[in-house]
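What follows is each chain in one-letter form.
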Amino acid sequence: MARKPLMAGNWKMNLNHVEAVGLVQKLAWTLEDKKHDPEKSEVIVLPPYTDLRTVQTLVDGDRLDIGYGAQDVSAFDNGAYTGDISADMLVKLGCRYVVIGHSERRQFHGEDDNIVNAKTQKAVSRGLVPIVCVGEGLEVRQELRHVPETLHQVEGALAGLTPEQVANLVIAYEPVWAIGTGRVATPEDAQEVCGAIRLWIVEQHGGEIADRTRILYGGSVKASSIAALMAEPDIDGCLVGGASLIVEEFAAIARFYEMPVI
Ligand code: PGA
């Protein structure tokens, strides 16, 4: 079974709900205008929580071919967890996806592999598709420990999941040194780690499961770098930060299949 490429726009803490309307509408128009083929890549946005209801209304009302999800989720069901948002709340808002364990959550909110695992378990139990983020920092890369370090994070994040759950989730390899720095990994560097992640899934759950899990690359992806990244066998899409806030850029990324590999 072929894996459908996924282009996910991580807005981070940008755009209020009014601005969200503008971006999603413009994105939908641009994709339509450029005759984007949704069979060739699935396009989703990941806005701040406060935008989700608005995005839901817009996507449902105008029947847009754009998916959406949240940037984080609580590991708990409900109750005294001030500031947190539950998986059920996201499901009610029509979210299909949720980012878990982004390096900015790990860095600024102290999230470790155990928390990432608990959130991943909670998300899958509610039918959400987690986009589980992993990736090494600069020092680890310089010491050439990026593959074992990333696989260690994958192992922690996916502990206890059934093979079927692993097949249905998304893993995003995002080297921390490439995020928001303008320093995109080379296609070979990204493939090395994405390939190692797939091999790890083969070893744990077999080839049939590993063939179905989508593995994304993230970190300073732009329209100019997308085609070469997507030409790699184990890169099934991208998690895009800054460039997802620029409609023309993100629409071009979604249409990677029309671009020459340079
Ligand atoms: P960036 O962010 O594309 O701005 O580097 C990617 C991410 O953090 O998901």
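What comes next concerns the included structure. Being a predicted model, the structure only gives us computed values, none of them experimental.

## Quick look at the overall build of the protein chain
Thought 1: Secondary structure assignment for the protein chain yields 12 helices and 8 strands.
Thought 2: Here the protein chain has a C-alpha radius of gyration of 17 Å; the compact-globule value for 262 residues is 18 Å, and the two agree.
Thought 3: A principal-axis box enclosing the C-alpha atoms of the protein chain has dimensions of 50 × 45 × 35 Å.
Thought 4: Looking at the protein chain residue by residue over its 262 residues, the buried ones come to 54%.
Thought 5: Here the analysis covers contacts within the protein chain between residues at least 6 apart in sequence; of these, 75% occur between residues at least 24 apart.
Thought 6: Here the protein chain displays about 11,900 Å² of accessible surface, and carbon together with sulfur accounts for 53% of that area.
Thought 7: If the 24 positive side-chain charges of the protein chain are averaged to one point and the 37 negative ones to another, these points end up 4 Å apart.

## As for the pattern of salt bridges
Thought 1: In this structure the tally under the stated criterion is 19 salt bridges.
Thought 2: A salt bridge links E111 to R105; the shortest N-O distance between them is 3.1 Å.
Thought 3: E143 is the partner of R145 in a salt bridge, and the nearest nitrogen-oxygen pair spans 2.7 Å.
Thought 4: Classification of R145 by relative accessible area gives partly exposed; the value is 38%.
Thought 5: It is possible to trace a salt-bridge network through shared partners that takes in R3, R198, D234 and D236.

## Thoughts on the packing of helix α1 (residues 17–33) against helix α2 (residues 52–61)
To characterise two packed helices, one gives the angle between the axes of the helices and the distance between these axes.
Thought 1: Taken N-terminus to C-terminus, the directions of α1 and α2 make an angle of 35°; their axes are 9 Å apart at the nearest point. Where α1 crosses over α2, the two elements pack in a sense that is right-handed. Only T54, V55 and L58 of α2 make contact with α1, whose side of the interface consists of H17, A20, V21, V24 and Q25.
Thought 2: Of the residues belonging to the contact of α1 with α2, the class tally is 5 nonpolar, 3 polar and no charged.

Rules used in this analysis
- Residues numbered from 1 in each chain as written.
- Predicted model: local features only at pLDDT ≥ 70, side-chain atom pairs only at ≥ 80, totals over all residues.
- Heavy atoms only, no water.
- Helix = DSSP H or I, 4+ residues; strand = E, 2+ residues; numbered from the N terminus.
- Rg over C-alpha atoms; globule rule 2.2 N^0.38 Å.
- Buried < 20%, exposed > 50% of the residue type's maximum accessible area, 1.4 Å probe, protein only.
- Contact = heavy atoms within 4.5 Å.
- Areas by Shrake-Rupley, 256 points an atom, 1.4 Å probe, with all protein chains shown as cover.
- Lys, Arg positive; Asp, Glu negative; His and termini not counted.
- Charge placed at Lys NZ, Arg CZ, Asp CG, Glu CD.
- Salt bridge = Lys/Arg side-chain N within 4 Å of Asp/Glu carboxyl O.
- Axes fitted to C-alpha atoms, helices over the stretch in contact; angles between N-to-C directions.
- Left-handed = near helix turned anticlockwise from the far one by under 90°.
- Nonpolar A, V, L, I, M, F, W, Y, C, P; charged D, E, K, R; others polar.

Limitation: the analysis is restricted to geometry and does not speak to function.
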